[in-house]
Amino acid sequence: MHKLESAITRSCQVILWVTLSVIFVILCANTLLRYALGSGLQWANEVPEMLFPWLVMAGVVLAAVQGSHIATTFLRDRLKPQAQRWLSIVVWSAVAAMYATLSFATYRMLPIVHDEKSPILGIPTSVTFGCVLLGMLCLMLLAVKDSFMAIKTPAAAHSEVTAPNVHY
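Residues numbered from 1 in each chain as written. Predicted model: local features only at pLDDT ≥ 70, side-chain atom pairs only at ≥ 80, totals over all residues. Heavy atoms only, no water.

Enquirer: Could you clarify how one ought to interpret the overall build of the protein in this entry?
Expert: Each helix and strand counted, the protein has six helices and zero strands in total. Ordered by position in the sequence, the α and β elements of the protein form the string α-α-α-α-α-α. For 168 residues, the compact-globule estimate of 2.2 N^0.38 gives 15 Å, and the C-alpha radius of gyration of the protein, at 21 Å, exceeds that figure by more than 25%. Taken over the C-alpha atoms alone, the protein extends approximately 65 × 40 × 30 Å along its principal axes. Every one of the 168 residues in the protein was classed for burial, and the buried ones make up 31%. (Helix = DSSP H or I, 4+ residues; strand = E, 2+ residues; numbered from the N terminus. Rg over C-alpha atoms; globule rule 2.2 N^0.38 Å. Buried < 20%, exposed > 50% of the residue type's maximum accessible area, 1.4 Å probe, protein only.)

Enquirer: Would you mind going over helix α2 (residues 46–66) with me for this structure?
Expert: With 21 residues, α2 ought to run about 30 Å at 1.5 Å a step, and its terminal C-alpha atoms sit 31 Å apart, in line with that. Those residues of α2 lying buried are Glu 46, Val 47, Pro 48, Met 50, Trp 54, Leu 55, Met 57, Ala 58, Val 61, Leu 62 and Ala 63. Contact partners of the buried residues in α2: α1 (2–37) and α5 (126–152). Gly 67 sits one or two positions beyond α2 and adopts a positive phi of about 70 degrees. (Expected span 1.5 Å × (residues − 1). Contact = heavy atoms within 4.5 Å.)

Enquirer: Before we go on, may I ask you to explain the nonpolar core in this structure?
Expert: One broad rule of soluble globular proteins: the nonpolar side chains tend to lie buried together. Residues Ile 8, Cys 12, Trp 54, Met 57, Ala 58, Val 61, Leu 62, Cys 131, Met 136, Cys 138, Leu 139 and Leu 142 constitute the largest nonpolar core, which totals twelve residues. Every element with two or more residues in this core is listed here: α1, α2 and α5. In contact with Met 57, not counting residues within four places along its chain, are Cys 131, Val 132, Gly 135, Met 136 and Leu 139. (Core = buried A, V, L, I, M, F, W, Y, C linked by side-chain atoms within 4.5 Å.)

Enquirer: Can you walk me through the packing of α1 against α2 in this structure?
Expert: Helix packing for two helices is described by the angle between their axes and how far apart those axes are. With their axes 8 Å apart at the nearest point, α1 and α2 run at an angle of 150 degrees to one another. Here α1 and α2 pass one another in a crossing that is left-handed. (Axes fitted to C-alpha atoms, helices over the stretch in contact; angles between N-to-C directions. Left-handed = near helix turned anticlockwise from the far one by under 90°.)

Enquirer: Quick question: what am I supposed to make of the pattern of salt bridges here?
Expert: It is possible for side chains of opposite charge to pair when their charged atoms get near one another. For the coordinates displayed, the defined rule picks out three salt bridges. The partner of Lys 145 in a salt bridge is Glu 5, with the nearest N and O atoms 2.7 Å apart. Residue Lys 145 is located in helix α5, and its partner Glu 5 is located in helix α1; the two are separated by 140 residues in the primary sequence. One exposure class covers both Lys 145 and Glu 5, and it is buried. Among the ionic pairs, Lys 145 bridges to Asp 146, the shortest N-O distance being 2.8 Å. Salt bridges here are not isolated pairs; linked through shared partners, they connect Glu 5, Lys 145 and Asp 146. (Salt bridge = Lys/Arg side-chain N within 4 Å of Asp/Glu carboxyl O.)

Next up, the structure:
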């Protein structure tokens, strides 16, 4: 499970850095050309528009890996360790099922959006939708991993891991 998370993390980090760098270079070059020559590159708007969703989706998946998404735990924290464990199993399984559903729906949309092409470069919109599909699949795999981790973790250890340190 750790290798899966590590592979997803590395892939998303590479996507994040490559897309951010390419977008930055293109936007800077286009701005300089506009100031220097009075006109920029015609395709310079299309590439960042196509890469930005990849950047965002990689960030979303990395946030999920790090547990950086917003969570409300006050109800869960009131439960006994065994109940917390079962709640985690149910919640992560439901999250995995929802991401699987979103992945399937996105996959079915790919042929529809493939016919739409960018005006200048002629790149199909399915390239951009591909990042949504890959992101949802990664999020589903991470949720399955978390569900298995909740199953494997004993209730006493589970409460130590998930409950915050509360001092009265």
